[in-house]
Amino acid sequence: MSTMAGSWRPANFTGNIMQCLFFQCLVLVFLVQLYPASCAPEIVRPRGVAISKAPLYDPERDFKCLDGSRTLPFYMVNDDYCDCPDASDEPGTAACPAGSFHCTNAGHSPLNIPASRVNDGICDCCDGTDEYATSAGCENTCLEQGRSARMAALRQAELTKQGNELRLQLIRQGKQLKTDKKARLEQLQKDREEAAKIKQEKEALRNAAEELEKAALEKYRQAAEEERAKQSSANQEEQEAFEHFQRFDSDHDGFIRISDLQSRQTFDKDKNGEVSEEEAKYFMEEDELDWSTFYSQAWPRMKPYIMMEKGLFAPPTTPSPSIEAPGDNAEEFPADNGEDEEEEDANADGKWAADAAAETDDAAADGDEASADAGSENDEAAADVVEETHYDESTQNLIEEARKARTEYEDADKSVRDVDREIRDIEDALGKDFGQAEEFATLQGQCFEYTDREYTYKMCPFDQVTQIPKNGGSDTRLGTWGRWTGTPNKYSTMFFEHGQGCWNGPQRTATVKLVCGLENKLTAASEPNRCEYLFEFSSPAMCVSETDSNPHDEL
């Protein structure tokens, strides 16, 4: 006794008590973890009723249909007979086709299933409560499934957290892009005014230089017109000669002979009704003529006679003696015989022909070769003459000044058009909806691809979606940017419309579902309905954490 009393120490006693309390706490925690969730106190409610609706099912009172249509004795609840139009009296049976069964699924997520699945032999609830009257032998797997779901939720939460950090960067970049575009737009508007002034000045200089150039070139243009007129006349002359050559060439062998002319009364110089060989040789110095020789030698002599035949050329007329007073002047006009008159006529004809030939020699001298299309070739030659004209030094300087002024004006005009184009592009970009905080702004101008067994799909946000066959062929436009169509989050879905029409079908459309991801990537493509394409696109811009519900405040 004394020994025990002597060994008593207050410090030891306190330590023992603390150790006992510690071990008791460990045991209590262990027992709590082993305590099944099904053993926890549960609110009394009929089978198939959610805890939130338990107060509506009070066993101490009559049951009132949830739509207020009827009041029933409580024993009629879950009696396997559908009494309420809204099926609320049968939450735990399959009696009502429109009814639903609530799976509590303790340890996992609650679930509502159609009443038709109750007692159908298939385990729909992870706690097995939907198969209470069958031999399906459903096991309670809620803890295991809940653990997997929680792990997936943790992974998703971590993904969202990391993606949200990237999203905040995208927001900052998007806002900076918008600020830069606004600043650039202001600068461009100023540049546009300056460029327009320069264009106006260059236009005035160009007009003045062109006026001087026009005045200096006028004499050259007149000379060119005269040259063209001369060429045109020569062409007509050659064409006419060639047509007669073909007409005189009776056997169409490319040669004209004396016999060919003897058959033409046009060449009867002495008007005796026949063309002698001597008369024919007057026109032909050789027995036969090809086209070139005909045009250069025979045609100038033949043309006056041909013109006389057509009445286009008339010889000068000699006054005839007066019939009323022949006496006094009879000696001046002796009555010669017909031979003298014919000789005079022939001499006169020869003189007229020589005069007409002299008039046509200049036109005929330029014709060297024969062809049916000689006219067009000579027109081109005349144009070449104009283009190859050599100007005097003063005129050449004016031409160079005008050319320089035109170039400077064109450059100034191009500068104005380039500025206008950039202004339109920036105004279009500023007018687009890139999200609540500009988080999608960096996607503009980028394109993303996804390839399956047959096609490569190319999605360019805010532009268009195309389908490219892997085995070759033309691209198919599936749609151009339309609008955001997500629900409830507007920015969760992109819609592209007005694509190429399907064969005997509507125009193609494309819907892009956006999900959270650590990179911008097109992850899936399908065609659930004809001409309607569905894509999935991951992006950090979709990673919104609960602590970042209002990015405007943080930024």
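Residues numbered from 1 in each chain as written. Predicted model: local features only at pLDDT ≥ 70, side-chain atom pairs only at ≥ 80, totals over all residues. Heavy atoms only, no water.

- The chain has the name Glucosidase 2 subunit beta in an unreviewed UniProt entry, where Thrips palmi is given as its organism.

### Some thoughts on the nonpolar core
In step 1: Ranked by internal contacts, the top residues of the largest apolar core, which has 26 residues, are Phe-440 and Phe-535.
In step 2: Of all elements in the fold, only strand E8 (455-460), strand E10 (476-484), strand E11 (493-497), strand E12 (509-516), strand E13 (521-529) and strand E14 (532-539) reach the threshold of two or more residues within this core.
In step 3: Sequence-distant contacts of Phe-440, that is, excluding residues within four places in its chain, are made with Phe-434, Gly-435, Phe-462, Trp-484, Tyr-491, Leu-514, Ala-541 and Met-542.
In step 4: One finds Phe-294, Tyr-295, Tyr-305 and Ile-306 within the second-largest nonpolar core, a separate group that totals 21 residues. (Core = buried A, V, L, I, M, F, W, Y, C linked by side-chain atoms within 4.5 Å. Buried < 20%, exposed > 50% of the residue type's maximum accessible area, 1.4 Å probe, protein only. Helix = DSSP H or I, 4+ residues; strand = E, 2+ residues; numbered from the N terminus. Contact = heavy atoms within 4.5 Å.)

### A short note on the pairing of strand E9 (residues 464-469)
In step 1: Bridge analysis of E8 against E9 gives six bridges, and the strand direction is antiparallel. Across the sheet, residue Lys-458 finds its bridge partner in E9, namely Thr-466. (Pairing = 2+ DSSP bridges.)

### Overview of the packing of helix H3 (residues 142-248) against helix H9 (residues 393-430)
In step 1: At their nearest, the axes of H3 and H9 sit 6 Å apart, and the two run at 160° to each other. Relative to H9, H3 is oriented roughly antiparallel. At the point where H3 passes H9, the crossing takes the left-handed sense.
In step 2: Residue composition of the contact of H3 with H9, grouped by class: 23 nonpolar, two polar and 18 charged. (Axes fitted to C-alpha atoms, helices over the stretch in contact; angles between N-to-C directions. Parallel < 35°, antiparallel > 145°, perpendicular 65-115°, else oblique. Left-handed = near helix turned anticlockwise from the far one by under 90°. Nonpolar A, V, L, I, M, F, W, Y, C, P; charged D, E, K, R; others polar.)

### Some words on the pattern of salt bridges
In step 1: Applying the stated criterion to the full structure yields 22 salt bridges.
In step 2: Between Glu-225 and Arg-228 there is a salt bridge, with its nearest N and O atoms 2.4 Å apart. Within this pair, Glu-225 and its partner Arg-228 are both found in helix H3, separated by three residues, close to a single helical turn.
In step 3: Taking the relative accessible area as the measure of exposure, Arg-228 reaches 33% and is therefore partly exposed.
In step 4: For the salt bridge of Asp-413 with Arg-417, the shortest nitrogen-to-oxygen distance reads 3.0 Å. Taken together, the residues span about one helical turn, with Asp-413 and Arg-417 both in helix H9 at a distance of four residues.
In step 5: Taking relative accessible area as the criterion, Asp-413 reaches 17% and is therefore assigned buried.
In step 6: Taking relative accessible area as the criterion, Arg-417 reaches 41% and is therefore assigned partly exposed. (Salt bridge = Lys/Arg side-chain N within 4 Å of Asp/Glu carboxyl O.)

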